[in-house]
Amino acid sequence: MQRLIIKGGKRLGGELTVQGAKNSALPILAACVLASGEVRLSNIPALSDVYAAIRIMNSLGVKTRFSNGVVTADASDISQVSVEEELMRRMRSSIVFLGAVLARTGECRLSFPGGCELGPRPIDMHLRALRQMGVVINEKHGELICESPHGIRGAVINLPFPSVGATENIMLCAALAEGETVINNAAREPEIDDLGRFLNKMGARVIGGSSGTVRIKGVKKLHGCEYSVMPDRICAATFMSAAAAAGGEIVLNGARAADLGAVNEVFRQAGCIVGEDRDRIFFSARTPPRAVRNITTLPYPGFPTDAQAPVMAMLCKAKGTSVVTETIFSSRFRHVDELARMGADIKTEGRTAVITGADKLYGASVVAPDLRGGAALVCAALAADGESCVSNVELIDRGYERIEKTFAALGADIKRENR
Ligand code: UD1
């Protein structure tokens, strides 16, 4: 068990380079299963979720190497069609391997993805779409047994909600299907465009990117290629939240402001200065933050659910009262009780939280409840008076590469301890 010890109250300053996006790297790693040839991916963050995806790839017979942010993967001799339950349980996004393995081999066996830290995460839209494409799916004792006795065919799929995971699974399955697939009401997150670009580099025919309608013309075979994964917009939002709460000026190299429209709008309302370059953000919080208009999490281009917790940490120090409504997941306020231990004034009712900013937060011993909730506690601890101890760091490591090194480089007093 590891924990972070943070002595808060220091302003942050300096430059950092934003890591590659976890939410893009994971479906792109799954997509490597589609290629007959070697893929070389760069800007891959060293995260426990990435290692979990690589273990799944290895278990399928994909040859992989990972060092210094570069993954090489060769799925020419893919030999397995099933993913062990233990590997599926490690990471929810393991479900995107379903579309990829089906497309490549015509069959797949895996269990429902595990855990449930944010509330129920059904996959009914994924399965309905795959059935429309000719996949026969039997569910037995928590296992999904999928076959395609008559091949996988393109289809017109109208998603009832722009699900990120379902859009990715359909794109992966459609890349090698017979004929054209059209996804209406597709997710528009920038990671969808990144996946489409990567598939096209392997020889796929995907158009529509993040437009809400994705068209995929199936091809017979995909080949190896080189690709660099997009920067992580949620990490960028987290670092800005910390700087807004603690005060300071930071430069985020590699960050794409265009992907952060709704988030940067909130920081500007809070009185922060957000300067935008093509692949850089200059962020300055010279005065304590102010309360902001209502924030409601929504599919992209709305405010991202993943940034809700870190931004809430900033609002705990904002002058006035702010309201945050979470519409994507039913159980995504688990950081609230932990923030309260640091002196935050937050009242929740159902999916709405009312945050009244406090002049001061105080160091406390807190437990990361989930990945982004844990990052929020780090942001609050950096802005709090006195020492905090954040335990359950393993959850934060799922999405942030050595978070303590990043913040220490910005002048924070933060270290990791083994218990
Ligand atoms: C979601 C986020 C994504 C984020 C990721 C990790 C949205 C829209 N998606 O992606 O930005 O990076 O979590 O935190 O913000 N649903 C169903 N049936 C399905 C699939 C989804 O009912 O088959 C529902 C879910 O219960 C949830 C919503 O749709 O309420 C969000 O789904 P989805 O986008 O699929 O979630 P993720 O892919 O996990």
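Analysis parameters
- Residues numbered from 1 in each chain as written.
- Predicted model: local features only at pLDDT ≥ 70, side-chain atom pairs only at ≥ 80, totals over all residues.
- Heavy atoms only, no water.
- Pairing = 2+ DSSP bridges.
- Helix = DSSP H or I, 4+ residues; strand = E, 2+ residues; numbered from the N terminus.
- Axes fitted to C-alpha atoms, helices over the stretch in contact; angles between N-to-C directions.
- Contact = heavy atoms within 4.5 Å.
- Near = heavy atom within 4 Å.
- Polar contact = N/O pair within 3.5 Å; in protein donor to acceptor, adjacent residues only side chain to side chain.
- Areas by Shrake-Rupley, 256 points an atom, 1.4 Å probe, with all protein chains shown as cover.
- Nonpolar A, V, L, I, M, F, W, Y, C, P; charged D, E, K, R; others polar.
- Domains from an automatic or database assignment.
- Buried area = accessible area lost by both parts, 1.4 Å probe.
- Salt bridge = Lys/Arg side-chain N within 4 Å of Asp/Glu carboxyl O.

Draft legend 1. A look at the sheet that holds strand β16 (residues 280-285). Strand order in the open sheet formed by four strands is β2-β14-β16-β15, with mixed pairing between adjacent strands. Where the open sheet ends on each side, the last strands, each with one partner, are β2 (12-17) and β15 (273-277). Averaged over neighbouring strand pairs, the angle between their axes works out to 10° when direction is ignored. The pairing of strand β14 (residues 248-253) with β16 spans six bridges and is classified as antiparallel. Of the residues in β16, the one forming a bridge with V251 is F282. Packed on one face of the sheet, helix α8 (residues 233-246) meets β2, β14 and β16 and runs near 170° to β14.

Draft legend 2. Focus on the site of the ligand. Lining the immediate surroundings of the ligand are 18 residues, of which D124, M125, S163, D306 and I328 lie closest. In this structure, an oxygen atom belonging to the ligand sits 2.7 Å away from a main-chain N or O atom of M125. In the model, an oxygen atom of the ligand is placed 2.5 Å from a nitrogen or oxygen of the S163 side chain. Alone, the ligand offers 720 Å² of accessible surface; in the complex the protein occludes 82% of this. Of all the secondary-structure elements, those providing two or more residues to the shell around the ligand are α5 (124-132), α6 (164-174) and α10 (305-315). Broken down by element, the residue count for the shell around the ligand peaks at three residues, all from α5. Residues that form the shell around the ligand fall into these classes: eight nonpolar, five polar and five charged. If you count residues domain by domain, the shell around the ligand takes at least three from each of domain 1 (2-19 + 231-418) and domain 2 (22-228).

Draft legend 3. Structural detail: the domain arrangement of the protein. Partitioning the protein into structural domains gives domain 1 (2-19 + 231-418) and domain 2 (22-228). Each of domain 1 and domain 2 has a C-alpha centre, and the two are 30 Å apart. Opposite the 26 residues of domain 1 that make contact, domain 2 presents 21 residues. It is Y300, F329 and R398 in domain 1 that bury the most area against domain 2; as a group they hold 32% of the surface buried on that side. Where domain 1 touches domain 2, the interface holds two salt bridges. Among the salt bridges present, the one from D49 reaches R398, with a minimum N-O distance of 3.0 Å. Joining domain 1 to domain 2, the criterion identifies seven residue pairs in polar contact (both at pLDDT 80 or more). Contributions of two or more residues to the side of domain 1 that touches domain 2 are made by α12 (371-383) and α13 (393-396). Partitioning the side of domain 1 that touches domain 2 into residue classes produces nine nonpolar, four polar and 13 charged.

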